[in-house]
Amino acid sequence: MGQLFSATPNHAQHQALVPRFTSYFNNFEMGSIIISQKTSSLTVSLLQKGNIQEANSTIRNALKEIDNTQLDIAVTGESGAGKSSFINALRGVAHEEKDAAPVGVVEMTMERTAYKHPNFPNVRIWELPTIGATNLEPKDYLDKVKFREYDFFIIVSATRFKKIDLDLAKAIKTTKKNFYFVRTKVDSDLRNEEMSKPTTFDRQNVLQQIQENCVRNLKKNNIEEPQIFSISNNNLSEYDFPIMTDTLIKDLPAQKHHIFKFSLPNITEMKYIRRKASKAGVSAFTPFKIFFSNKEVEKLKESLNQYRVLFGVDDASLKTLAKHLQVPEEQLKEIIKSPTLLETEKEETIGEMLLRYLKNFFIHNGGLLGAALYYNKIYYLQLYLLDTVTDGAKVLLKEN
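As the structure is a prediction and not an experimental result, all values here were calculated from the model.

1. Some points on the pairing of strand β2 (residues 113-116)
Argument step 1. Pairing between β2 and strand β3 (residues 123-127): four bridges, direction antiparallel. Looking across to β3, one finds that tyrosine 115 is bridged to isoleucine 125.
Argument step 2. Linking two consecutive strands that pair antiparallel, namely β2 and β3, is a turn of six residues.

2. Considerations on the sheet that holds strand β4 (residues 152-157)
Argument step 1. With mixed pairing, six strands are arranged side by side in an open sheet as β2-β3-β1-β4-β5-β6. Edge positions in the open sheet fall to β2 and β6 (228-230), since each of these has one partner strand only. Each adjacent strand pair in this sheet contributes to an overall mean axis angle of 25 degrees, direction not counted.
Argument step 2. Pairing geometry for strand β1 (residues 71-77) and β3, over five bridges, is parallel. Each bridged residue has a counterpart across the sheet, and for isoleucine 73 the counterpart in β3 is isoleucine 125.
Argument step 3. Docked against the sheet, helix α8 (residues 163-174) engages β1, β4 and β5 (178-183), running at close to 155 degrees with respect to β5.
Argument step 4. Where helix α11 (residues 241-251) meets the sheet, it contacts β4, β5 and β6, and its direction lies at approximately 175 degrees from that of β5.

3. Comments concerning the packing of aromatic side chains
Argument step 1. As enumerated under the stated definition, the model contains seven aromatic pairs in all.
Argument step 2. With a centroid separation of 5.5 Å and 80 degrees between ring planes, the pair formed by tyrosine 150 and phenylalanine 153 is classed as edge-to-face. Neither residue differs from the other here; tyrosine 150 and phenylalanine 153 are each classed as buried.
Argument step 3. Counting every residue linked through ring pairs, the aromatic cluster contains Trp126, Tyr150 and Phe153.

4. Brief notes about helix α3 (residues 37-48)
Argument step 1. Here α3 contains 12 residues, and its C-alpha end-to-end distance of 16 Å stays within 8% of the 16 Å for a straight helix at 1.5 Å per residue.
Argument step 2. Among all positions in α3, only Thr39, Ser40, Thr43, Val44, Leu46 and Leu47 are buried. Along the long axis of α3, the arc covered by the buried residues comes to 160 degrees, so they all point the same way.
Argument step 3. Count one or two residues on from α3 and you reach glycine 50, which has phi positive near 80 degrees.

5. As for the environment of leucine 63
Argument step 1. Structurally, leucine 63 can be placed in helix α4 (residues 52-67).
Argument step 2. Since its relative accessible area comes to 3%, leucine 63 is described here as buried.
Argument step 3. Residues leucine 63 and leucine 383 lie 320 residues apart in sequence; the distance between their C-alpha atoms is 8.3 Å.

6. Thoughts on the packing of helix α15 (residues 315-325) against helix α16 (residues 329-336)
Argument step 1. Two numbers describe how α15 lies on α16: the axes approach to 8 Å, and their chain directions differ by 120 degrees. Taken together, the axes of α15 and α16 lie oblique to each other. By crossing handedness, the relation of α15 to α16 is classed as right-handed. For the pair α15 and α16, contact is made by Asp315, Leu318, Lys319, Leu321, Ala322 and Leu325 and by Glu329, Leu332, Lys333 and Ile336, respectively.

7. Comments concerning the pattern of salt bridges
Argument step 1. For the coordinates displayed, the defined rule picks out 14 salt bridges.
Argument step 2. Among the ionic pairs, arginine 112 bridges to glutamate 149, the shortest N-O distance being 3.0 Å. Of this pair, arginine 112 sits in the loop between α5 (83-91) and β2 while glutamate 149 is found in the loop between α7 (138-144) and β4, placing the two residues 37 residues apart along the sequence.
Argument step 3. Given the relative accessible area of 37%, glutamate 149 is considered partly exposed.
Argument step 4. Arginine 203 is paired through a salt bridge with glutamate 238; the nearest N and O atoms lie 2.9 Å apart. Here arginine 203 is found in helix α10 (residues 203-220), whereas its partner glutamate 238 is found in the loop between β6 and α11, with 35 residues between them in sequence.
Argument step 5. On the accessibility criterion, arginine 203 (32% relative accessible area) is partly exposed.
Argument step 6. Residue glutamate 238 is classed as partly exposed on the basis of its relative accessible area of 31%.
Argument step 7. One network of salt bridges, in which partners are shared, links Arg308, Asp315, Glu329, Glu330 and Lys333.

8. Focus on the nonpolar core
Argument step 1. Ranked by internal contacts, the top residues of the largest apolar core, which has 37 residues, are Phe311, Leu342, Leu354, Tyr357 and Leu385.
Argument step 2. Contributions of two or more residues to this core are made by α3, α4, α14 (294-310), α15, α16, α17 (350-365) and α19 (377-397).
Argument step 3. Of all the elements, α19 adds the most residues to this core, at 10 residues.
Argument step 4. Leave out the neighbours within four places in its chain, and leucine 385 touches Leu300, Leu304, Tyr307, Leu341 and Leu342.
Argument step 5. Residues Ile87, Ile125, Phe152 and Leu252 belong to the second largest nonpolar core, which totals 29 residues.

What counts, and at which threshold
Residues numbered from 1 in each chain as written. Predicted model: local features only at pLDDT ≥ 70, side-chain atom pairs only at ≥ 80, totals over all residues. Heavy atoms only, no water. Pairing = 2+ DSSP bridges. Helix = DSSP H or I, 4+ residues; strand = E, 2+ residues; numbered from the N terminus. Axes fitted to C-alpha atoms, helices over the stretch in contact; angles between N-to-C directions. Contact = heavy atoms within 4.5 Å. Phe/Tyr/Trp six-rings, centres within 6.5 Å; stacked < 30°, edge-to-face > 60°. Buried < 20%, exposed > 50% of the residue type's maximum accessible area, 1.4 Å probe, protein only. Expected span 1.5 Å × (residues − 1). Arc of directions from axis to C-beta. Parallel < 35°, antiparallel > 145°, perpendicular 65-115°, else oblique. Left-handed = near helix turned anticlockwise from the far one by under 90°. Salt bridge = Lys/Arg side-chain N within 4 Å of Asp/Glu carboxyl O. Core = buried A, V, L, I, M, F, W, Y, C linked by side-chain atoms within 4.5 Å.

Right under this line is the structure:
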């Protein structure tokens, strides 16, 4: 380090590194914030006092709390509407796999049943018995299924939503819980329509009619601005499934929408991953392929950006510090490493680079079983990014 810091006293370095917290969060989209403003404010206060290690611990505890957040989703609807298939689809589980919700042509659920997500055990999807089978009034039904435990309700139907479904929706509304209507089996409707009208069949027109009929029926029963999603449990990439998941993520509280977002099935990858991960568990890096989706990479970039701002080692803060120290800005960036932490080198892919970071993290923190490594990879990478940013901030705050 030589004479790099000799021209500036420690207090001045602290002030140069204090992030522009207020302006940053005023201009940052709240929906994408990884850490709450309360935690960020506490972190800034600790940094102003030069207590970098406690600031690191504060963020680590916040990440752990986020990782342990519980999410409970209630799914109800008429018999034969595809509730179990919908639950399996949300969990990325095939019907014949272990722990899949049983699928049948007759009502299989007479009591509420919780199905944990195979990768995210804090996400539970509850299959509720059909309200008509209980012979209960909607309010009594909600008490029976313990409505207070759920974050939101999804009401499923394969045809028109019946009066009992609509009455249930009205009762849910009184509890201040969100509810959504899901119209399943639209692929079957399209197939049947094409078979019966092969020359005049218009796919988009049929889908529009299904949507309009549902909306008209709900509005006629005094349910204004209903949120209806037409889906196929057999093909989640089609129809309204992506729109539905985006809506649910947006409506959830900030501390819960991230876990729901990352629990959603990646259609092209999850079956392969589950098979491989279930066979892992001998060593920390049993050789099975670890995928990093675009949204996971974006989450890590958001995390890194926020950590750098909080610890005062973002580009703007480094520019200010370089001016104070009268050294090149690039020299500071090279010393602290975090500015280029998610930039790939040479022919290395982003996935290979992140896997290398995971290996480095566990070399210093102990091994982890292969399957657990996959399921918690983003959390551990966040800790790795946080530690790297913290180490860089410590270096910049040292006197010679």
